[in-house]
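Residue-level listing of the chains:
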Amino acid sequence: MAKIVQIREEDLPQWLIKRNKEKAMTRHEMLSKEFHQLKTGVMIRCRYYGPTDYKGSRIKATIQKDDRFFISKIHDWDYSTNHNENYLVSAQAVLKKWNDYRRDGIPNIQHAVIHSFTYDAKNHDYIFICS
């Protein structure tokens, strides 16, 4: 017969406690927590557009700052790379455009970089968090 041993939280390693607490959070809570920890951040939304009679598949990556201002770039689907790489290349292209725009106003500003990404199943979009 197995003996039941009660383990206190203090006896567990800190990385395990942290991992279990993070798993208890929803994906939205984790992303918003991570986004608020960034000093300045932008969100890139990448959406897939299927092929038409005249154009092949493509991805539209958009950075929306407010209601009126946004930067977007359409990237043609590259069939030689995998699904995630196509979205990442598209996000990096619009981020390069964003960095160039920011550098015009402030020459010594650091480049924004992608920190994490997730998939929005409701809208079928990839979302990249950058700072």
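The structure presented is a predicted model; accordingly, all values stated were derived computationally and were not measured.

J.: Which residues make up the overall build of the protein, and what are the values?
T.: Across its full length, the protein carries 3 helices and 5 strands. Across the protein, helices and strands are ordered from the amino to the carboxyl terminus as α-α-β-β-β-α-β-β. Counting the 131 residues in the protein, one finds 26% classified as buried. Contacts in the protein between residues far apart in sequence, at least 24 positions, make up 40% of those at least 6 positions apart. Surface accessibility of the protein: about 10,200 Å² in total, with carbon and sulfur atoms responsible for 53%.

J.: Tell me about unusual backbone geometry, residues and numbers included.
T.: With phi around 60 degrees, H124 is a residue other than glycine that occupies positive phi space. Among the structural elements, H124 can be located in the loop between β4 (114-120) and β5 (125-130). Residue class for H124 comes out exposed when judged on its relative accessible area of 52%.

J.: If you had to explain the side chain of S90 to someone new, which residues and values would you point to?
T.: Along the polypeptide, S90 turns up in helix α3 (residues 83-105). A residue is classified by how much of its surface remains accessible, and S90, at 1% relative accessible area, is buried. Leaving out residues up to four positions away in the same chain, S90 has contacts with C46, I59, A61 and H75.

J.: How would you summarise the sheet that holds strand β2 (residues 58-64) if you had to cite specific residues and measurements?
T.: Taken in spatial order, the 5 strands line up as β3-β2-β1-β5-β4 in an open sheet, and their pairing is antiparallel. Two strands in the sheet have a free side with no partner beyond their single neighbour: β3 (70-76) and β4. The average angle at which neighbouring strand axes cross in this sheet is 20 degrees, direction not considered. Note that strand β1 (residues 42-49) and β5 share 6 bridges and pair antiparallel. Pairing of V42 across the sheet is with C130, part of β5.

J.: So what's going on with the pairing of β1? Which residues, and what values?
T.: Both β1 and β2 contribute to a ladder of 6 bridges, which runs antiparallel. Residue pairing across strands places Y48 opposite I59, the latter belonging to β2.

J.: Residues and numbers for the nonpolar core, please.
T.: I44, C46, Y87, W98 and F128 are the most contacted members of the largest nonpolar core, which totals 17 residues. For this core, the secondary structure elements donating two or more residues are β1, β2, α3 and β5. When residues of this core are assigned to their parent elements, the largest contribution, 5 residues, is made by α3.

Rules used throughout
- Residues numbered from 1 in each chain as written.
- Predicted model: local features only at pLDDT ≥ 70, side-chain atom pairs only at ≥ 80, totals over all residues.
- Heavy atoms only, no water.
- Helix = DSSP H or I, 4+ residues; strand = E, 2+ residues; numbered from the N terminus.
- Buried < 20%, exposed > 50% of the residue type's maximum accessible area, 1.4 Å probe, protein only.
- Contact = heavy atoms within 4.5 Å.
- Areas by Shrake-Rupley, 256 points an atom, 1.4 Å probe, with all protein chains shown as cover.
- Pairing = 2+ DSSP bridges.
- Axes fitted to C-alpha atoms, helices over the stretch in contact; angles between N-to-C directions.
- Core = buried A, V, L, I, M, F, W, Y, C linked by side-chain atoms within 4.5 Å.

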